[in-house]
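Residue-level structure breakdown
Below, each chain spelled out in residue letters.
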Amino acid sequence: MSITSQLYPVAVLLALLLGLAVGKAWERYKLRDGRWIDRRRLRETPHYMLGLNFLVDNQVDQAIEELTQAASTGSDALEIQMILGNLYRQKGQVGRATSVHQALLQRPDLTTLEHAYVLLCLALDFRHAGFIDRALEAFQEVVRLDPENRYAYVNLQKLYEEQHQWPEALQVREQIARIDNGRLPEDQQILGFLRNEIGAAQARTGNTAAAARAFSAAIDVDSGTVPAYLNLGDLREGERQLPAAIAAWERLTDEVPDRAYLAFDRLDRAYRVSGTPHRFAELCERVIARNPQDWRARLALARHREAAGQAQAAFGLLLDALPHNPHALALHQATWQVLSALGFAPDLVRRYMDLSRDAVFYLDPHVCRRCRYRSTELLWQCPQCHEWNTFVEERMAPAKDTVSADALTEGT
Ligand SMILES: [Zn+2]
């Protein structure tokens, strides 16, 4: 198990704990000093501090033992009971966690915020146990009692996303953006992706007008919402509005050049149907001029050239592309196809072999920047950590040492 995955639950617990100790809420609790925990009395037993230290060390069993002892010194120790419940949940004893938190909710003298905090713990218990409806209900009650509780909103958003309730998820994310006060670019990005999902759901039910509006709104809220351009174009193409489809896909290549390749097949086809196939070559050349490292534009142009009978030009493009991503299997496959069209001329085969000798072969690797999850295809939401737009192309350094490797071989 990795260190990060071990520490993550503890980090959440500590955040909760520290949030209680130093957060805004604490300022409000301090006015009622001594009602939560008689801290002086707690410090007289070693169990409280010992428990916290075990918690920091991720020694959950010992932490539970010490905190249980500490709690027994004062029956009013709401905060410790809450943490104990959370520790049970972390150990997988969700039933026990739930009953601890439910018992706390029965206390008659809870303030609104105390009530909200205990309810938040309970909602996390429900979510952990897979009781989606009860978790949703509890989180909603938390944000009703404490409308600035970002953590509860984030949980709500993820729950709605898991249920594919995109409009509800969007509404929740808008609340988070309100709390963040427009300071976080990730808010715009997530709002864009959620609007795109709303559009995709509407397109599936045949409501194309609403779908088109949702895709456009997704692009307006964040011009980096790549799938919205693709979906909008697909929708227009389905309505036989090819110029509008081309406009949507071309806009993607302008706004997000490093994802331009996602529209290549569509544009190549659409230009051909429109009787303007040369526009595809021009587009690829524009993309290459803007980013000389773009091997995908070279690959697309090479295929285009080969289809037009220009195999030599295609071969040159592929050889230019290979050093930029030597482990892209698609490049090697295209190269062999072109070599075949050129009759496997020995000098061409040798040039290719020299370039590709040290390449490592992967299908088309992408990796999540957040959790390192690997996928052959580009994903918009990570199946492991559920973050949006975290996938990047995994690249290895181009094989620079071909010459020295040759020298070594000759020397032996
Ligand atoms: Zn991930």
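Residues numbered from 1 in each chain as written. Predicted model: local features only at pLDDT ≥ 70, side-chain atom pairs only at ≥ 80, totals over all residues. Heavy atoms only, no water.

**Side note on the overall build of the chain**
Scanning the chain for helices and strands turns up 22 helices and 3 strands. A burial count over the chain gives 46% of its 412 residues as buried. Long-range contacts, defined here as pairs at least 24 residues apart, represent 52% of the contacts in the chain between residues at least 6 apart. Roughly 21,100 Å² of accessible area belongs to the chain as shown, and the carbon and sulfur atoms make up 52% of that amount. (Helix = DSSP H or I, 4+ residues; strand = E, 2+ residues; numbered from the N terminus. Buried < 20%, exposed > 50% of the residue type's maximum accessible area, 1.4 Å probe, protein only. Contact = heavy atoms within 4.5 Å. Areas by Shrake-Rupley, 256 points an atom, 1.4 Å probe, with all protein chains shown as cover.)

**Observations concerning the sheet that holds strand E3 (residues 391-393)**
Backbone-to-backbone hydrogen bonds pair the strands of a sheet. The strands run either parallel or antiparallel. A sheet is described by the order of its strands in space; here 3 strands give the open sequence E2-E1-E3, paired in antiparallel fashion. A single partner strand is all that each edge strand has here, and the edge strands are strand E2 (374-375) and E3. Pairing of strand E1 (residues 366-368) with E2, which is carried by 2 bridges, proceeds in the antiparallel orientation. When the bridges of E2 are listed, His366 appears paired with Ser375. (Pairing = 2+ DSSP bridges.)

**What to know about the coordination of the zinc ion**
Distances from the zinc ion to its protein donors, Cys368 (SG), Cys371 (SG), Cys382 (SG) and Cys385 (SG), fall within 2.2 to 2.4 Å. Given 4 donor atoms and angles of 105 to 116° at the metal, the environment of the zinc ion is assigned as tetrahedral. Counting gaps between the donor residues of the zinc ion yields the pattern C-x2-C-x10-C-x2-C. The class of Cys368 is buried, set by a relative accessible area of 0%. According to the relative accessible area criterion, Cys371 is partly exposed, its value standing at 23%. (Donors = N, O, S within 2.8 Å, 3.2 Å for Na, K, Ca; no water. Tetrahedral: all angles 85-135°; square planar, octahedral: opposite > 155°, others 65-115°.)

**Looking at the nonpolar core**
Within the largest apolar cluster, 99 residues are counted, with the highest numbers of intra-cluster contacts made by Phe139, Phe264, Leu267, Phe280 and Leu331. Considering each element in turn, this core owes the most residues, 9 residues, to helix H8 (residues 112-129). Beyond its immediate stretch of four places on either side in the chain, Phe264 contacts Phe280, Leu283, Arg296, Ala297 and Ala300. Within the second largest apolar cluster, 17 residues are counted, among which are Leu67, Ala70, Ala77 and Val100. (Core = buried A, V, L, I, M, F, W, Y, C linked by side-chain atoms within 4.5 Å.)

**Structural notes on the pattern of salt bridges**
Here the structure, examined in full by the defined rule, presents 20 salt bridges. Asp125 is the salt-bridge partner of Arg89, the closest N and O atoms lying 2.6 Å from each other. With Arg89 in helix H6 (residues 78-90) and Asp125 in helix H8, this residue pair connects regions lying 36 residues apart in the sequence. Taking the relative accessible area as the measure of exposure, Arg89 reaches 10% and is therefore buried. Across the pair Asp268 and Arg272 runs a salt bridge whose closest N-O atoms are separated by 3.5 Å. (Salt bridge = Lys/Arg side-chain N within 4 Å of Asp/Glu carboxyl O.)

**A word on the packing of H8 against helix H9 (residues 132-145)**
Contact pair H8 / H9: the axes reach a minimum separation of 8 Å and the direction vectors enclose 160°. When the interaxial angle is binned, H8 and H9 end up roughly antiparallel. You can see that H8 and H9 cross each other, and the crossing is left-handed. Counted together, Thr112, His115, Ala116, Leu119, Leu120, Ala123, Leu124, Phe126 and Arg127 of H8 and Arg134, Ala135, Ala138, Phe139, Glu141, Val142 and Leu145 of H9 form the full contact between these two elements. Tallied by class, the residues present in the contact of H8 with H9 amount to 11 nonpolar, 2 polar and 3 charged. (Axes fitted to C-alpha atoms, helices over the stretch in contact; angles between N-to-C directions. Parallel < 35°, antiparallel > 145°, perpendicular 65-115°, else oblique. Left-handed = near helix turned anticlockwise from the far one by under 90°. Nonpolar A, V, L, I, M, F, W, Y, C, P; charged D, E, K, R; others polar.)

**Section: unusual backbone geometry**
Apart from glycine, the bulk of residues carry a negative phi angle, and the bulk of peptide bonds sit in the trans form. The backbone of Asn58 shows a phi angle near 65°, a positive value even though the residue is not glycine. Residue position: Asn58 is located in the loop between helix H4 (47-56) and helix H5 (60-72). Here His164, not a glycine, exhibits a phi torsion of approximately 60°, which is positive. When its relative accessible area of 55% is taken as the criterion, His164 is described as exposed.

**Concerning helix H17 (residues 278-290)**
The first and last C-alpha atoms of H17 sit 19 Å apart over 13 residues, in line with the 18 Å expected at 1.5 Å per residue. Inspection of H17 places Phe280, Ala281, Leu283, Cys284, Val287 and Ile288 among the buried residues, and these make up the whole buried set. Projected down its long axis, H17 carries its buried residues within an arc of 160°, all on one side. Where the residues of H17 are buried, they touch helix H15 (242-255), helix H16 (264-273) and helix H18 (295-307). (Expected span 1.5 Å × (residues − 1). Arc of directions from axis to C-beta.)

**Comments concerning the environment of Leu159**
With respect to the helices and strands, the residue Leu159 is situated in helix H10 (residues 150-162). Remark: the alpha-carbon pair of Leu159 and Ile132, spanning 27 residues in sequence, is separated by 7.4 Å. What Leu159 contacts, discounting residues up to four positions off in sequence, is Arg127, Ile132, Ala135, Leu136 and Phe139.

**As for the side chain of Glu393**
Among the secondary structure elements, Glu393 is positioned in strand E3. A polar side-chain atom of Glu393 sits 3.4 Å from a polar atom in the side chain of Trp295. A distance of 2.9 Å separates polar atoms of two side chains, one belonging to Glu393 and the other to Arg296. The contact partners of Glu393, leaving out residues within four places of it in the chain, are Trp295, Arg296, Asn325, Pro365 and His366. (Polar contact = N/O pair within 3.5 Å; in protein donor to acceptor, adjacent residues only side chain to side chain.)

**Notes on the packing of H10 against helix H11 (residues 166-180)**
Contact pair H10 / H11: the axes reach a minimum separation of 8 Å and the direction vectors enclose 160°. As judged from the angle between their axes, H10 and H11 are roughly antiparallel. The element H10 and its partner H11 pack so that their crossing is left-handed. Side by side, H10 and H11 meet where Arg150, Tyr153, Val154, Leu156, Gln157, Tyr160 and Glu161 of the first sit next to Trp166, Glu168, Ala169, Val172, Arg173, Gln175, Ile176, Arg178, Ile179 and Asp180 of the second.

**Quick look at a nonpolar patch on the surface**
Taken together, the side chains of Trp336, Phe344 and Met353 define a hydrophobic patch exposed on the protein surface, amounting to about 290 Å² of accessible area. Mapped onto the fold, Trp336 is located in helix H20 (residues 329-341). (Patch = residues over 30% accessible without salt bridge, like charges linked within 9 Å, V, L, I, M, F, W, Y side chains within 5 Å.)

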